[in-house]
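Residues per chain are reported as follows:
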Amino acid sequence: MKKITLRAGKERSLLKRHPWVFESSVARGSADSGETVRVESADGQFLAWAAFSPQSQIRLRAWSFDAGERIDAAFFKRRIDKAIAMRARLAIASDAVRLIHGEADGLPGLIVDRYVDTLVAQFGSAGAERWKATIADALLAATGLTRLYERSDAQAREWEGLPVQTGWLRGEGETAVTIREHDWQLTLDVAEGHKTGYYLDQRDSRRRFADAVRQYGCHSVLNCFSYTGGFSVAALAGGASEVISVDSSGPALARATAHVALNGFDAGRHQAWDADVNATLRRCLEELKHGGRRFDAIVLDPPKFAPTVAHAERAARAYKDINRLAFMLLNEGGLLYTFSCSGGIAPDLFHKIVAGAGLDAGVDGYIVERLSAAADHPQTVCFPEGDYLKGLGILKR
Ligand code: SAH
């Protein structure tokens, strides 16, 4: 087993069971991509078994902090079984579930979603890549399923120096799937959809949005960054009479339109606008001057503007701008559901950005909901970076 020695003082994060070690913390030692190494402090104390990633800034990702644990097929089986058992306790209102959420489940870089009878995996770290076949076998054994599709096409692969890889890893067949979420049916394609096919992390917020639309009596809803219309279906289920989905992806909007019909809603209640959200909000604001209208509810669920803290400042401006425009386009008493899925923007910073947007818009609001990722995308005590998705439900005062 190869040994990696850290610089003096750099053992602190592993001692706190945080699984990452950055390049600058390593004093000595090297290994192949994904190889398991023994990590020691400057004075030779055991810290962790970790996967070595020669190209990534995150040079080591810890598999285990237990000196007696072996990183082998049995290890992956234990971790995978435990993660799946945790989901079984959550009573998730869907047959589409995140089974493995990377670091939070002690499996850095590995994401696995289950869509009915199909598993979809992202191997986003050199370590996960190295153990791919072992992990695939353990996943099939733990779930009793036979189909596993690989979607190793996230940006993290590039940072790890790994090529894009997609396709069936186990089993084969159709990549189109229909899932049930709450009372709704939604379709996706595991080969072509964003991420592994769908944004499962917003499941709970979509349910709460449907309830809020009903509770606050929202009739007109503007769903910005709608993707395939999850929040639009929720709005219709909540009784909205006019819902507009805005997204720059034509295929996603085609699905949004199909989802309205699939769930038995009148097509006349929904419009799909293939457009840039920023330009759309500005245009709506401009139209206000000539008799344009405001909305009873607006959803802002943009893509990751700040993947890391390094991008936070520019991202903050972008978030502030869309939130400012949305505040101005809301009716009095209207509901804003605003999100950030940027790991680089902490919840308190997001709150400040939204407050700044309100200030610029000359609007105050009541925070009626604090939203986060559904519980099958768990946060752990030792890994604050896991808190990537945050949202606020605000009633315009
Ligand atoms: N709310 C969705 C997920 C949104 S993901 C759900 O619940 O499923 C972000 C979406 O923003 C993607 O569909 C992407 O196509 C879209 N997008 C990214 N940049 C955009 C822009 N500038 N204007 C419009 N849509 C954009």
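Residues numbered from 1 in each chain as written. Predicted model: local features only at pLDDT ≥ 70, side-chain atom pairs only at ≥ 80, totals over all residues. Heavy atoms only, no water.

To continue, consider the overall build of the chain. Within the chain one finds eleven helices and 20 strands. On C-alpha atoms alone, the chain measures out to a radius of gyration of 22 Å, which is about the 21 Å that the 2.2 N^0.38 rule sets for 397 residues. The C-alpha extent of the chain, read off along each of the three principal axes, is 70 × 45 × 35 Å. By residue count, 54% of the 397 residues in the chain fall in the buried class. Sequence-distant contacts in the chain: of pairs separated by 6 or more residues, those separated by 24 or more amount to 64%. Split by element, the accessible area of the chain, about 17,100 Å² in all, is 50% carbon and sulfur. Charged side chains of the chain number 50 positive and 49 negative; the gap between the two group centres comes to 4 Å. (Helix = DSSP H or I, 4+ residues; strand = E, 2+ residues; numbered from the N terminus. Rg over C-alpha atoms; globule rule 2.2 N^0.38 Å. Buried < 20%, exposed > 50% of the residue type's maximum accessible area, 1.4 Å probe, protein only. Contact = heavy atoms within 4.5 Å. Areas by Shrake-Rupley, 256 points an atom, 1.4 Å probe, with all protein chains shown as cover. Lys, Arg positive; Asp, Glu negative; His and termini not counted. Charge placed at Lys NZ, Arg CZ, Asp CG, Glu CD.)

For the rest of this paragraph, the subject is the site of the ligand. The environment of the ligand is formed by 15 residues, the closest being Arg-206, Asp-247, Asp-276, Val-277 and Asp-301. Take Ser-248: an N or O atom from its main chain is 3.1 Å from a nitrogen atom of the ligand. Relative to its free-state accessible area of 580 Å², the ligand is covered by the protein chains to the extent of 87%. For the shell around the ligand, a count of residues per class yields seven nonpolar, four polar and four charged. (Near = heavy atom within 4 Å. Polar contact = N/O pair within 3.5 Å; in protein donor to acceptor, adjacent residues only side chain to side chain. Nonpolar A, V, L, I, M, F, W, Y, C, P; charged D, E, K, R; others polar.)

Time to look at the sheet that holds strand 15 (residues 242–247). With respect to topology, seven strands assemble into an open sheet ordered 16-15-14-17-18-20-19, the strand pairing being mixed. Lying at the two open borders of the sheet, with one neighbouring strand each, are strand 16 (270–274) and strand 19 (365–372). Put simply, the sheet's adjacent strands are angled 15° from each other on average, direction ignored. Across five bridges, the pairing between strand 14 (residues 220–224) and strand 15 is parallel. Across the sheet, Cys-224 pairs through a bridge with Val-246, a residue of strand 15. Sheet strands touched by helix 7 (residues 230–237): strand 14, strand 15, strand 16, strand 17 (295–300) and strand 18 (330–340). Its angle to strand 15, the strand with the most contacts, is close to 175°. (Pairing = 2+ DSSP bridges. Axes fitted to C-alpha atoms, helices over the stretch in contact; angles between N-to-C directions.)

A cluster of nonpolar residues, Tyr-216, Tyr-366 and Val-368, forms a patch on the protein surface that exposes about 270 Å² of accessible area. Here Tyr-366 lies in strand 19. Using a relative accessible area of 48% as the deciding quantity, one classes Tyr-366 as partly exposed. (Patch = residues over 30% accessible without salt bridge, like charges linked within 9 Å, V, L, I, M, F, W, Y side chains within 5 Å. Salt bridge = Lys/Arg side-chain N within 4 Å of Asp/Glu carboxyl O.)

Moving on, we get to a positive patch on the surface. A grouping of Arg-7, Lys-10, Arg-12 and Lys-16 is seen on the molecular surface, where their side chains present a positively charged patch. Tracing the sequence through the fold places Lys-16 in the loop between helix 1 (12–15) and strand 2 (20–22). Under the relative-accessibility criterion, Lys-16 is labelled exposed at 61%.

Let us look at the pairing of strand 9 (residues 118–123). Counting buried residues in strand 9 gives six out of six residues, a clear majority hidden from the surface. Covered by surrounding structure in strand 9 are Thr-118, Val-120 and Gln-122 together with Leu-119, Ala-121 and Phe-123, the residues of both alternating faces. Bridge analysis of strand 8 (residues 110–115) against strand 9 gives six bridges, and the strand direction is antiparallel. When the bridges of strand 9 are listed, Tyr-115 appears paired with Thr-118. Counting the residues that bridge the hairpin from strand 8 to strand 9 gives two residues, and of these Val-116 lies at a positive phi of roughly 55°. Sheet topology note: the strand 9/strand 10 (residues 147–152) ladder contains four bridges and is parallel. Its bridge partner lying in strand 10, Leu-119 is registered against Leu-148.

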